[in-house]
Amino acid sequence: MEIHSMGSQSKKSSFSNEEKNPVVAESIIDTKITKVTSEDNVDDPEELADLGYKQEFRRQLSLFGIFSIAFSVLGLLPSVASTLSFSLSYVGTPGLLWAWLIAIFFLICIALSMAEICSALPTSGGLYYAAAVFAPEGWGPLASWITGWSNYIGNVIGQPSVNSSAASMILGAVSINRSSYSPTNYQVFLLSVGIQCLHCFLASLPTRYISKINRVNTFINILFLFIAAFAIIGYAAKNDKFNHGTHPWREIKNTTNWPDGFAVLLSFNGAIWTMSGYDAPFHLSEECAKASVNAPKAIVLTAVIGGIVGWLMQVLVSYTIVDVHALITGSGNMWSIYLSQVMPKSAAIAILSLTIFSTLMMGQSSLIASSRIAYSYARDGILPFSGWIGKVNNQTKTPVNAVICNGIISICILFLLFAGDETSSAVFSVGAVAAFSAFTIPIFIRVFCMKDSEFHRGPWNLGRYSRPIGALACAFVALMIPVLCFPNDKNPSPKTMNWTCLVYGGPIFLTLIWYAISARKWFKGPKASETFKGESCNPSSIPEFFEGKEK
């Protein structure tokens, strides 16, 4: 396996001479990087140093460990429960079946392209780092800035949305037995805050404990998913409540003012929201053993297994729904109403309890991933109070300050529960739009702005299929982001308006103003935290590195 190196000295010898010839690089873009593509060296601290960073985390996550966290972030059982309103409300059961089936194909294309990039550049900065590396000369800082803020907004918003879903389901379990009970906003808020505090504690533990917890959680999530599926099948068979034939596939019940085809596109939101967390292995790569191989494998495994199993759950729900109209128009948690249709109250509460536990674990994994994003961005000085946020705790060797920061932001976001359903729905649905915007920027640059010879592939790569798969990924996201910002009605009122474009576009617009006024003067891309050595690290631009040319 070839090792790409721009220096005359070997990687390890130059690393050992760091105290003799220290040259601190201000930006990755201004630093000549050596990229290791050998599977024999993917666990070395020197590989991370070649990417511009010092090894600060302990690499204690195996392939299964990092997959466990990503699979927990997906949280198939709670995600299916939470996205019924997205998938079902627009066109009925075809939104569960066709929308998921079509969307998953393209979402796997995005995952494959992301995994290839992760293998080449396995850092916690992930997509934000890759955008800076791949962008044409002079555009790296801006591409990195937009990607970083999109990714951060998507992740920091997604975590409290999971917690509020867990709180809603907990209170929804109460309403199954007490039909007169209706949860209030302050009850959902207080319970969500309590859940958030628990997640902050769990996400701050040492990596070895986080790995063990998430391994157990993965088995539990899979077990609970199968228990829920078999319980639904069993009660549906017992009561002869299966929907037969092709009726669930073809009976479109369009509840929007748009044509049926466009309404089906709107229902893609369920699959997109569910699959918006498979970038977690990228951000955990600095804590992963053999990151250039295991992290991309975890991304692909999460997308493929999550997509297939998630779609099978959609099939199950579609063929066991008793009354679609009652489900769409009913008040309260849609998953709770569905379970009440299929099985007795006691069984519904039991399955709902399993869903709640899985949702709690999903929220914990989401905070782990988002805190690593915050840490990597603070390390490069992007966030306010970056000096404090970007510190690694000496005892746990985890970014505890970043966990606390994201926890505080999540609690502030939860206050929007008091602003009404329209506002809170817009805030929480923006996570998918922000996440996939960040996913696609480096993929787009790599596919349309770089020659194949300029892209130094890692040990896990797509070979000749890299460009067509990346093009499919970009085309899908370019189509879906505007679609997901459309309201249900052609002439919406403030109550029926989809405010996603404003909730996402507003913060991004403000960060662009910040960049134009101030950040462009000091932000030059991801910062190099490691001292570089000898002649092999004279400052040079990333485009020159990929071209293999000297100035």
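Note that the structure is a prediction, hence the values are computed from the model and not measured.

Participant: Even after reading the chapter, I still don't get the pattern of salt bridges, so can you show me in this structure?
Facilitator: Considering all chains together, one arrives at one salt bridge under this definition. Between Glu 116 and Arg 457 there is a salt bridge whose closest N-O contact spans 3.4 Å. Linking Glu 116 in helix H6 (residues 93-120) with Arg 457 in the loop between helix H21 (421-448) and helix H22 (466-484), this pair joins segments that are 341 residues apart in sequence. Given a relative accessible area of 2%, Glu 116 falls into the buried group.

Participant: Help me understand unusual backbone geometry, please; the structure alone is not making it clear to me.
Facilitator: Negative phi characterises most residues that are not glycine, and trans characterises most peptide bonds. Even without being a glycine, Phe 385 presents a positive backbone phi close to 60 degrees. Relative to the helices and strands, Phe 385 resides in the loop between helix H18 (345-379) and helix H19 (386-389). Under the relative-accessibility criterion, Phe 385 is labelled exposed at 71%. With phi around 60 degrees, Lys 397 is a residue other than glycine that occupies positive phi space. Judged by its relative accessible area of 26%, Lys 397 is partly exposed.

Participant: Would you explain helix H17 (residues 334-342) in this entry?
Facilitator: Three or four residues apart is the spacing at which side chains of an α-helix point the same way, because the helix has 3.6 residues per turn. Most of H17 is tucked away, with eight of its nine residues classed as buried. Every buried residue belonging to H17 is among Met 334, Trp 335, Ser 336, Ile 337, Tyr 338, Leu 339, Gln 341 and Val 342, and all of these are buried.

Participant: Any chance you could explain the nonpolar core here in plain terms?
Facilitator: Within soluble globular proteins, side chains that are nonpolar generally end up buried alongside one another. Of all hydrophobic cores here, the largest spans 159 residues; its most connected members are Leu 107, Ile 110, Tyr 278, Trp 335 and Tyr 338. Apart from residues lying up to four places away in sequence, Leu 107 is in contact with Ala 271, Ile 272, Met 275, Tyr 278, Phe 436 and Phe 476.

Participant: Sorry, what's going on with empty space enclosed by the protein here?
Facilitator: In this approach the atoms are scanned with a rolling probe the size of a water molecule, which exposes any empty space left behind. Under the defined criterion, the tally for this structure stands at eight cavities of 30 Å³ or more. Looking at the lining of the largest cavity, the elements with two or more residues in it are helix H8 (140-177), helix H13 (269-274), H18 and H21. Examining the composition of the lining of the largest cavity, we find that six residues originate from one element, H8, more than from any other. Class assignment for the residues of the lining of the largest cavity results in nine nonpolar, 10 polar and one charged.

Participant: What exactly am I supposed to notice about the environment of Ala 402 here?
Facilitator: Positionally, Ala 402 belongs in helix H20 (residues 400-414). The spatial distance from the C-alpha of Ala 402 to the C-alpha of Tyr 377 is 9.9 Å, given a sequence separation of 25 residues. Once residues within four sequence positions are removed from consideration, Ala 402 is found in contact with Ser 371, Ala 374, Tyr 375 and Ile 389.

Participant: Would you explain a nonpolar patch on the surface in this entry?
Facilitator: Judged by side-chain polarity, Tyr 186, Leu 190, Phe 415 and Phe 418 come together as a nonpolar surface patch covering roughly 440 Å² of accessible area. Examined against the element boundaries, Phe 418 turns out to sit in the loop between H20 and H21.

Participant: Mind showing me how you'd approach the layout of surface pockets here?
Facilitator: Within this model, the second largest pocket holds a volume of roughly 330 Å³. Around the second largest pocket, the lining is made up of 17 residues, and of these Trp 149, Tyr 152, Ile 153, Val 156 and Ile 409 lie nearest the centre. Broken down by secondary-structure element, the contributors of at least two residues to the lining of the second largest pocket are H8, H20 and helix H23 (500-522). Tallying contributions element by element places H8 first for the lining of the second largest pocket, with five residues.

Participant: Would you mind showing me how to read the confidence of the model for the protein here?
Facilitator: The predicted structure's coordinates, where accompanied by low pLDDT, should not be read in detail. Across the protein, pLDDT averages 78, with 82% of residues at or above 70. Per-element mean pLDDT across the protein ranges from 34 in strand S2 (residues 531-532) up to 93 in H22. Of the regions scoring below 50 in pLDDT, residues 1-25 engages in 55 contacts with residues more than four places distant in sequence or in other chains. Note on residues 31-42: pLDDT is under 50 here. Beyond four places in sequence and across chains, it has 58 contacts.

Participant: For this particular structure, what's the right way to read the side chain of Ser 365?
Facilitator: Here Ser 365 shows up in helix H18. The buried category is assigned to Ser 365, whose relative accessible area is 0%.

Participant: How should I be thinking about the environment of Cys 412 in this particular structure?
Facilitator: Along the chain, Cys 412 turns up in helix H20. Assessed through its relative accessible area of 49%, Cys 412 is described here as partly exposed.

About the cut-offs
- Residues numbered from 1 in each chain as written.
- Predicted model: local features only at pLDDT ≥ 70, side-chain atom pairs only at ≥ 80, totals over all residues.
- Heavy atoms only, no water.
- Salt bridge = Lys/Arg side-chain N within 4 Å of Asp/Glu carboxyl O.
- Helix = DSSP H or I, 4+ residues; strand = E, 2+ residues; numbered from the N terminus.
- Buried < 20%, exposed > 50% of the residue type's maximum accessible area, 1.4 Å probe, protein only.
- Core = buried A, V, L, I, M, F, W, Y, C linked by side-chain atoms within 4.5 Å.
- Contact = heavy atoms within 4.5 Å.
- 1 Å grid on protein atoms, 1.4 Å probe; cavity = no way out; pocket = protein on both sides within 12 Å on 5 of 7 lines; lining within 4 Å.
- Points joined across faces, edges and corners; volume = space filled by probe spheres on them.
- Nonpolar A, V, L, I, M, F, W, Y, C, P; charged D, E, K, R; others polar.
- Patch = residues over 30% accessible without salt bridge, like charges linked within 9 Å, V, L, I, M, F, W, Y side chains within 5 Å.
- Areas by Shrake-Rupley, 256 points an atom, 1.4 Å probe, with all protein chains shown as cover.
- pLDDT = per-residue confidence, 0-100.

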